[in-house]
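The primary structure of each chain is shown beneath.
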Amino acid sequence: EVQLVESGGGLVQPGGSLRLSCAASGFTFSSYAMSWVRQAPGKGLEWVSNINSGGGSTSYADSVKGRFTISRDNAKNTVSLQMNSLKPEDTAVYYCNADYHSLYDYWGQGTQVTVSS
């Protein structure tokens, strides 16, 4: 059974930091590109960041560039998102996504991040 389980969300003050993690199982994690996608209240899905299967290539949405860092550990089947200098507009449910050349696509259940004073 394929599973993607996100963790690490919570309530943080503006300017604070959080580290999200996504634990994968049930598929060959090291063959999949991984992404973080978020959905703010009342809005559509917004791509945040992705990392290629080997971990050597990353990309970020302009809205998070310089503040967020994606990483992965293929030995532990995990992908993480370090989020610094958080802003209220970062408030969203954050989803982990696994993609294999657009042929196979898996999603986690999401973790809530709330940035508020």
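Residues numbered from 1 in each chain as written. Predicted model: local features only at pLDDT ≥ 70, side-chain atom pairs only at ≥ 80, totals over all residues. Heavy atoms only, no water.

1. A look at the overall build of the chain
Per the secondary structure count, the chain includes zero helices and eleven strands. When the helices and strands of the chain are placed in sequence order, the string is β-β-β-β-β-β-β-β-β-β-β. For the chain, the spread of C-alpha atoms along the three principal axes comes to 40 × 25 × 25 Å. Relative to its full complement of 117 residues, the chain shows a buried share of 38%. (Helix = DSSP H or I, 4+ residues; strand = E, 2+ residues; numbered from the N terminus. Buried < 20%, exposed > 50% of the residue type's maximum accessible area, 1.4 Å probe, protein only.)

2. Section: the pairing of strand β8 (residues 78-83)
Working note: regular strand, side chains alternate between the two faces of the sheet. Alignment of strand β3 (residues 18-25) against β8, held across six bridges, turns out to be antiparallel. Among the inter-strand pairings, leucine 20 is bridged to a residue of β8, identified as leucine 81. Two strands pair when backbone bridges link them, and strand β7 (residues 68-73) and β8 are joined in this way by six bridges, in the antiparallel orientation. Counted as the bridge partner of aspartate 73 is threonine 78 from β8. Here β7 folds back onto β8, and the loop between the two strands holds four residues, one of which, asparagine 77, carries a positive phi near 55°. (Pairing = 2+ DSSP bridges.)

3. Some words on the side chain of arginine 38
Among the structural elements, arginine 38 can be located in strand β4 (residues 33-39). When its relative accessible area of 5% is taken as the criterion, arginine 38 is described as buried. Polar contacts involving the side chain of arginine 38 include one to the side chain of serine 63, which spans 3.5 Å. For arginine 38, the side chain forms a polar contact with the side chain of tyrosine 94, separated by 2.9 Å. (Polar contact = N/O pair within 3.5 Å; in protein donor to acceptor, adjacent residues only side chain to side chain.)

4. Points about the sheet that holds β3
Spatially, β1-β3-β8-β7 is the arrangement adopted by the four strands of the open sheet, whose pairing is antiparallel. Edge positions in the sheet fall to β1 (3-7) and β7, since each of these pairs with one other strand and no more. The average undirected angle you get between the axes of adjacent strands in this sheet is 15°. Here β1 runs beside β3; their pairing, made up of five bridges, is antiparallel. Residue pairing across strands places glutamate 6 opposite cysteine 22, the latter belonging to β3. (Axes fitted to C-alpha atoms, helices over the stretch in contact; angles between N-to-C directions.)

5. Re the side chain of threonine 111
One can find threonine 111 in strand β11 (residues 111-115). By relative accessible area, which is 11% here, threonine 111 ends up buried. Only 3.3 Å separates the side chain of threonine 111 from the backbone nitrogen of glycine 9, close enough to count as a polar contact.

Keep in mind these values describe shape, not function.
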